[in-house]
Amino acid sequence: MITEQLAALVRKAVLAARDAGDLPLDDTEVQVSLETPRNKQHGDYSSNIALTLKKATGIPDSREIATRILKHLPADSGLIERAEVAGPGFLNFYLNPSWLHDMLVRIEQEDQRYGASNERAGETVLLEFVSANPTGPISVVNGRAAALGDVLGNLLAAQGCTVRREFYINDALNSTQIDKFAETIAVRYMQHLGYPVLMPPRDPSAESVVEPPLAPPEDGRERPPIPFPENGYRGDYMKEIAREILEEFGRAYEHLEQAERARAFRDAALQRCLNMQRSALEAFGIVYDCWFHESSLYENGEVERTLATLKARGFTYEKEGALWLCSTQFGDDKDRVLVRSNEKATYIAADIAYHDNKFRRGHDRLINIWGADHHGYVSRLKAGIAALGYDPNRLEIILTQMVSLLRDGEPVMGGKRHGNVIELKEDMLDEIGKDAARFYFLLSSYENPATVDLELAKKQSNENPVYYVQYAHARLCNILRRAEEAGISVRPAHAVHRALLAHPAELDVLRKLADFPEEVALAARDYAPHRLTRYAMDLAGLLNIFYENCRVLSGQEETVPAELTEARLALVNGARITLRNLLGLLGISAPERM
RNA sequence: GCGCCCGUAGCUCAGUGGAUAGAGUACCUGACUUCGGAUCAGGUGGUCGGGAGUUCGAAUCUCUCCGGGCGCGCCA
């Protein structure tokens, strides 16, 4: 990559200067960092090495240090055209145009692989993301995690990692949440059979309300109201699932005990809820390698075995009838219950077993993406796997901040239908589409709370950054198409006069294209897909400027020399490849026409 | 109360300790009806929440105050 090559050159120069006696330096490590200056006047790349060596060399004038380093800079690298000392002592570098021109050859050769590397080949990563409870719809916050996780997967794969995407289904039989879910379904089922439902108030000071039956009773006889479960799931989607359950199971379950009814419906209802989640995620372009059932950890004894291991390693104790994990020994702020006094294992017990399972399957690195509201949970899970003897640093937990939606300048509130959650598919995807939703999610860093203005993302779609980027791609494709129609073949980059690409707009595009592999690597390293959406906007902008200033094909008013057309077609093709790969990494379509 | 995160242009957000803090959008002005105008050029707009410190240099690191979000279950 460019900065690595440049850094190597500068390091060489520093050492040469030292060996020649120009720089009084010990054997201290020479750390060279390169940056791209904001200001174009300051070159394509710049290094602050002279400023940082002030102390070590004892030379107070950084410009003097810079000058001495410059003297020893290898001249034959081919990468840089010139270098100069500027400002308080920066070394500014200007890339050699012919080196830039040759990027087009490389881009064409690598084609689908341009931007990718084998830097992290051999590393296996398990990415777990979304993992929403199977008791409700996929929310907008889940959507942000989904976009982040999916693109992170693409990025890591592009660095050579073997990536596995996984969704953890919290379907344990001993989960109180699942019990509530099943009970709620059972009550709604009865409501479909003609029973009123007694809804407890949300806030204790209010009165209970009786909801009428969802359908008249078959025999017309009025039924007594059934109490809605305490902390049950209030969303209307539960009524829909219950109606489907009624269709599947028939009316015969009316006279069972409430608990039995709940048990009978539980699995089928969960499955329906899960299908709802899966189709929402598929509409968002997310496909998992594995949907992992928490329940399987109980069925094949892994929870038991993990508990036994923790006991054997001496990190548990019994208190008040429960089994506790000594998580404070591993940095947690309090010890945690693994097995309740009613003998049911807790969520964390299963989760530790799950992460043990992830490691046992041979993954080097585990990445979990959670909502920020789970941050209190991080240290206890890490403590759990540390207690099992794993290095907790092999597990990385990314916490995404909240997302809110704005419509007409007002925050979008979750509808009653979805139990007051803002739903990904209906509140967002159906309105602005998959591509725009992904782009907006990926526009800001996951570390910061984000707001998506739906009016902006949809109604003014022409001004939308995502369309701006896609339009640039479609334009490039159009030029290539027109060339073909005119009988002009797109010759390979190595066979054209690349030196003709000397217009500033052309060189700007080339520099941006050359940056792409590094940009991908940084986005992967920092878990920062938003770097790529920014890059995409930059590149699209440069391409439009190029388009405005540099005609590729001869037209009625302007004729372009054949050789220049060839060279520009090569540039167009290289840009097309880069933009297409970029959008591919983001999971956003790259249309050839719009 | 304790812990974590966040305060950057009217709005939404970038900004790896570096040079004059940027982009999109909004608003104003102009170009061009083309290899698709879903375009381009220019302009208005900032005490980087306040204060102190660290150093050659701070939006970035430290401390403190103010403001906002989230978490502190034998729930998940």
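Starting from 1, residues in each chain are numbered consecutively following that chain's sequence as written. Chain letters and ligand numbers both follow the written order, the letters beginning at A and the numbers at 1. Whole-chain, interface and lining totals are the exception, using all residues; otherwise, since this is a predicted model, local features are given only for residues with pLDDT of at least 70 and side-chain atom pairs are given and counted only at 80 or more. Neither water nor hydrogens contribute to the side-chain values; these are computed over all heavy atoms in the structure.

## Observations concerning the domain arrangement of chain A
Step number 1: Throughout the structure description, domain borders are defined by an automatic or database domain assignment. Parsing chain A into structural domains produces domain 1 (2-95), domain 2 (124-168 + 288-400), domain 3 (176-273), domain 4 (403-458) and domain 5 (463-586).
Step number 2: The C-alpha-based centres of domain 3 and domain 4 are spaced at 31 Å.
Step number 3: Two parts placed together each lose some accessible area; with a 1.4 Å probe, that loss summed over both constitutes the buried area. Together, Asp 236, Tyr 237 and Glu 240 form the three largest contributors to the area buried by domain 3 at its contact with domain 4, with a combined 65%.
Step number 4: Each reported salt bridge corresponds to a side-chain nitrogen of Lys or Arg within 4 Å of a carboxyl oxygen of Asp or Glu. The interface formed by domain 3 and domain 4 includes one salt bridge.
Step number 5: A salt bridge links Glu 240 to Arg 417; the shortest N-O distance between them is 2.3 Å.
Step number 6: We call two N or O atoms a polar contact when they sit within 3.5 Å, provided that within protein one can donate a hydrogen and the other can accept it, with sequence-adjacent residues counted only if both atoms are side-chain atoms. Run the count over domain 3 and domain 4 and you get three residue pairs in polar contact (both at pLDDT 80 or more).
Step number 7: Partitioning the side of domain 3 that touches domain 4 into residue classes produces one nonpolar, one polar and five charged. When residues are sorted by character, Ala, Val, Leu, Ile, Met, Phe, Trp, Tyr, Cys and Pro go into the nonpolar class, Asp, Glu, Lys and Arg into the charged class, and all the rest, Gly among them, into the polar class.

## Some words on the pattern of salt bridges
Step number 1: Taken as a whole, this structure holds 40 salt bridges when the rule is applied.
Step number 2: Ionic pairing is found between Glu 218 and Arg 251, a salt bridge with its closest N-O pair at 3.2 Å. Pair noted here: Glu 218 is in the loop between β8 (209-211) and β9 (226-227) and Arg 251 is in the loop between α8 (237-249) and α9 (258-283), with a separation of 33 residues, a long-range link.
Step number 3: Buried, partly exposed and exposed residues are distinguished by accessible area as a fraction of the type maximum, computed with a 1.4 Å probe on protein chains only: under 20%, between the cut-offs, and over 50%, respectively. Taking relative accessible area as the criterion, Glu 218 reaches 64% and is therefore assigned exposed.
Step number 4: Between Arg 365 and Glu 396 there is a salt bridge, with the nearest N and O atoms lying 2.6 Å from each other. With a gap of 31 residues between them, Arg 365 in strand β14 (residues 365-371) and Glu 396 in strand β15 (residues 395-400) connect regions that are remote in the sequence.
Step number 5: Given the relative accessible area of 23%, Glu 396 is considered partly exposed.
Step number 6: Each of Lys 40, Asp 44, Asp 508 and Arg 511 takes part in one network of salt bridges that share partners. Helix and strand definitions here come from DSSP, where helices need a minimum of 4 consecutive H or I residues and strands a minimum of 2 consecutive E residues; each element is numbered from the N-terminal end.

## A few points about the sheet that holds strand β7 (residues 197-199)
Step number 1: A pair of strands is considered paired only if DSSP assigns at least 2 bridges between the two. A sheet is described by the order of its strands in space; here three strands give the open sequence β8-β7-β9, paired in mixed fashion. The open sheet is flanked by β8 and β9, the only strands paired with a single partner.
Step number 2: Inspection of the sheet shows β7 paired to β8 by three bridges, in the antiparallel sense. Of the residues in β8, the one forming a bridge with Leu 198 is Val 210.

## As for the packing of helix α6 (residues 140-158) against helix α14 (residues 424-441)
Step number 1: Close contact between α6 and α14 brings their axes to 11 Å; oriented N to C, the two are set at 30 degrees. When the axes of α6 and α14 are compared, the pair comes out roughly parallel. Where α6 crosses over α14, the handedness of that crossing is right-handed. Across the interface between the two elements, Val 140, Gly 143, Arg 144, Ala 147, Asp 150 and Val 151 from α6 touch Leu 424, Met 428, Arg 438 and Phe 441 from α14.
Step number 2: Residue composition of the contact of α6 with α14, by class: six nonpolar, one polar and three charged. Working convention: axes come from line fits to C-alpha atoms, limited for helices to the stretch in contact. Angles between N-to-C directions cover 0 to 180 degrees. Oblique is the label for every angle not falling under 35 degrees (roughly parallel), over 145 degrees (roughly antiparallel), or within 65 to 115 degrees (roughly perpendicular). Each helix crossing is assigned a hand: it is left-handed if the near helix lies turned anticlockwise from the far helix by less than a right angle, otherwise right-handed if that turn is clockwise. Throughout, a residue-residue contact means that at least one pair of heavy atoms, one from each residue, lies within 4.5 Å.

## Observations regarding the sheet that holds strand β16 (residues 403-407)
Step number 1: An order of β17-β16-β18 is seen for the three strands of this open sheet, with the pairing classed as mixed. The open sheet has two free edges, formed respectively by β17 (410-411) and β18 (450-453), since each of these has just one partner strand.
Step number 2: Two strands pair when backbone bridges link them, and β16 and β17 are joined in this way by two bridges, in the antiparallel orientation. Pairing of Leu 406 across the sheet is with Pro 411, part of β17.
Step number 3: Here α14 sits on the sheet in contact with β16 and β18, set at roughly 125 degrees to β16.

## Concerning the pairing of β16
Step number 1: Here β16 pairs with β18 via four bridges, running parallel. Counted as the bridge partner of Ser 404 is Thr 451 from β18.
Step number 2: If you look at the hairpin formed by β16 and β17, you'll find two residues sitting between the two strands, and Asp 408 has a positive phi there, around 55 degrees.

## Considering the protein's contact with RNA strand B
Step number 1: Lining the immediate surroundings of RNA strand B are 67 residues, of which Arg 340, Thr 451, Asn 478, Arg 534 and Arg 551 lie closest.
Step number 2: Lys 334 has a polar side-chain atom sitting 3.3 Å from a sugar or linking oxygen of RNA strand B.
Step number 3: At a separation of 2.9 Å, a base oxygen of RNA strand B approaches a polar backbone atom of Leu 553.
Step number 4: Looking at side-chain class alone, the surface near RNA strand B contains 24 nonpolar, 27 polar and 16 charged residues. In this text, near means that some heavy atom of the residue lies within 4 Å of the molecule or strand in question.

## Quick notes on the environment of Ser 131
Step number 1: Within the element layout of this structure, Ser 131 appears in the loop between β5 (124-129) and α6.
Step number 2: A relative accessible area of 14% means that Ser 131 is categorised as buried.
Step number 3: Taking C-alpha positions, Ser 131 is 8.2 Å from Glu 166, a pair spaced 35 residues apart along the chain.
Step number 4: With residues up to four places along the chain from it excluded, the contact list for Ser 131 reads Phe 167, Tyr 168 and Asn 170.
Step number 5: Within polar-contact distance, the side chain of Ser 131 engages the backbone nitrogen of Tyr 168 at 3.1 Å.

## Points about the packing of aromatic side chains
Step number 1: Ring pairs shown here join Phe, Tyr and Trp side chains whose ring centres sit within 6.5 Å, with only the six-membered ring taken for Trp; geometry is labelled stacked below 30 degrees between planes, edge-to-face above 60, and tilted in between. All told, the structure shown has 20 aromatic pairs when counted by the stated rule.
Step number 2: Judged by centre distance (5.0 Å) and plane angle (35 degrees), the ring pair of Phe 129 and Tyr 288 falls under tilted. Remark: Tyr 288 occurs in the loop between α9 and β10 (290-293) and Phe 129 occurs in strand β5; sequence separation between them is 159 residues. Accessibility assignment for this pair places Phe 129 and Tyr 288 in one class, buried.
Step number 3: Between Tyr 168 and Tyr 354, the aromatic rings sit 4.0 Å apart at their centres with planes inclined by 5 degrees, giving stacked as the arrangement. Placement of Tyr 168 in strand β6 (residues 162-169) and of Tyr 354 in helix α12 (residues 347-360) is noted, with a sequence separation of 186 residues between them.
Step number 4: Here Tyr 168 falls in the buried class, since its relative accessible area comes to 0%.
Step number 5: With a relative accessible area of 0%, Tyr 354 lands in the buried category.
Step number 6: Following the ring pairs from residue to residue traces out a cluster consisting of Phe 129, Phe 167, Tyr 288 and Trp 291.
Step number 7: We call a charge positioned above a ring when the Lys NZ or Arg CZ atom is no farther than 6 Å from the ring centre and deviates by at most 35 degrees from the ring normal. The ring of Tyr 94 carries the charged tip of Arg 82 above its face, separated from the ring centre by 3.8 Å.
Step number 8: In this arrangement the basic side chain of Arg 278 is found over the ring face of Trp 291, its NZ or CZ atom lying 4.4 Å from the centre.

## What to know about the pairing of strand β12 (residues 322-325)
Step number 1: In β12, alternate side chains face the same way, and those of Ala 322 and Trp 324 on one face and Leu 323 and Leu 325 on the other are all buried.
Step number 2: Where strand β11 (residues 316-319) folds back on β12, the antiparallel hairpin that results is connected by two residues, among which Glu 320 adopts a positive phi of roughly 50 degrees.
Step number 3: In the sheet, β12 pairs with strand β13 (residues 336-339) via three bridges, with the strands oriented antiparallel. Looking across to β13, one finds that Trp 324 is bridged to Val 337.

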